[in-house]
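Report on the structure
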Amino acid sequence: MAQSSKFLSPAYVLHHRSFSDSSLLIDFFTLQSGRVTCVAKGVKGGKSNKSAILQPFIPLMMNFSGRGEVKTLNQCEAADKPFQLMGNRLFTAFYVNELLLKSLPKNEVFETVFSHYSTLIAHISDPESPFEATLRLFEKHLLEMLGYGLLLQCDADNGSVIEFSKKYRYIFDKGPVESSGLQANLDRLPLISGETLLAIASGSLENQSQLRESKMLMRYLIKELLGGYIFKSRDFFSLKESK
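Anyway, here's the lowdown on the structure attached to this text. (Residues numbered from 1 in each chain as written. Predicted model: local features only at pLDDT ≥ 70, side-chain atom pairs only at ≥ 80, totals over all residues. Heavy atoms only, no water.)

Considering the packing of helix α2 (residues 111–125) against helix α3 (residues 132–145)
Running from N to C, α2 and α3 cross one another at 165°; their axes reach a closest spacing of 10 Å. It follows from the interaxial angle that α2 and α3 lie roughly antiparallel. Here α2 runs over α3; the crossing is left-handed. Residues T112, V113, H116, Y117, L120 and H123 of α2 form the contact with α3, whose own contacting residues are T134, L135, F138, H141, L142 and M145. Looking at the contact of α2 with α3 residue by residue, the class counts come to 7 nonpolar, 5 polar and no charged. (Axes fitted to C-alpha atoms, helices over the stretch in contact; angles between N-to-C directions. Helix = DSSP H or I, 4+ residues; strand = E, 2+ residues; numbered from the N terminus. Parallel < 35°, antiparallel > 145°, perpendicular 65-115°, else oblique. Left-handed = near helix turned anticlockwise from the far one by under 90°. Contact = heavy atoms within 4.5 Å. Nonpolar A, V, L, I, M, F, W, Y, C, P; charged D, E, K, R; others polar.)

Structure (structure tokens):
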């Protein structure tokens, strides 16, 4: 669907790459149109300074036109100052962008995901703010919006209420199943405590054990959702950690 050239939408750059000597091909995440790919013509070199703001983690206002798979960027301006990200926080933010790029279908509106994304990037950019719990809950919300809502409060096998002190294996297309008595071939599935499942359900991850197990669970679910895709941002992080 073409978008009016007069309407400016809040947006962020997820990823960009060169398209020609003077142009960029950019994946945007927008409030009103979801994920869109645009050609930004003539923004590199010369008298143009647009490439300076066509970077990740800068709140933007933009519009585009066109009916094909790739749109044409018409207008773009910074809506606020860039988020300042360094070190592990920068790698985390790139992971979030890559997650959206690989999981969101094009040209579908995800207004609440956009709102959660803005909040998450602000938390990550604040050096005094712990952000891991916010990241895990963002991943949970994204899965829900993509049609993969988590079963967190009852056993998927028998419907019994999740118990705080018990351990469960989480099956991607089914949910948590109490770990005792499971077949050995399910040992590869993440082992999650009832405590952590209930904490995710309530949106309140409060200790390191819950954070560690929720990270394990989300990595498993996202890997299944994306067919085993290996995140490039995680590779960069691993390389940095090994130095």
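On we go from here.
Some words on the pairing of strand β3 (residues 34–40)
For β3, the buried fraction is high: 7 of the 7 residues fall into the buried class. Relative to β3, strand β2 (residues 24–30) runs antiparallel, the two being bridged by 7 bridges. The residue bridging I26 from the neighbouring strand is C38, located in β3. Taken together, β2 and the strand that follows it, β3, pair antiparallel across an intervening segment of 3 residues. Pairing geometry for β3 and strand β5 (residues 70–78), over 3 bridges, is parallel. Bridge pairing links T37 to V70 in β5. (Buried < 20%, exposed > 50% of the residue type's maximum accessible area, 1.4 Å probe, protein only. Pairing = 2+ DSSP bridges.)

Section: the pattern of salt bridges
Taken as a whole and judged by the stated rule, the model has 10 salt bridges. For K166, the salt bridge identified is with E163, shortest N-O distance 3.3 Å. On the accessibility criterion, E163 (39% relative accessible area) is partly exposed. Ionic contacts of the salt-bridge type, sharing partners, join the residues R17, D27 and R35 into one network. (Salt bridge = Lys/Arg side-chain N within 4 Å of Asp/Glu carboxyl O.)

Considerations on the sheet that holds β5
Taken in spatial order, the 5 strands of this closed barrel run β1-β2-β3-β5-β4, and their pairing is mixed. The mean angle between the axes of side-by-side strands here comes to 50°, regardless of whether they run parallel or antiparallel. Relative to strand β4 (residues 60–65), strand β1 (residues 9–18) is paired through 3 bridges, and the arrangement is antiparallel. In the sheet register, S9 faces β4, and the bridge partner there is M62. Its contacts with the sheet put helix α1 (residues 87–103) on β1, β2 and β3, and the angle it makes with β1 is roughly 90°. On the sheet, α2 packs against β1 and β2 and is oriented at approximately 75° with respect to β1.

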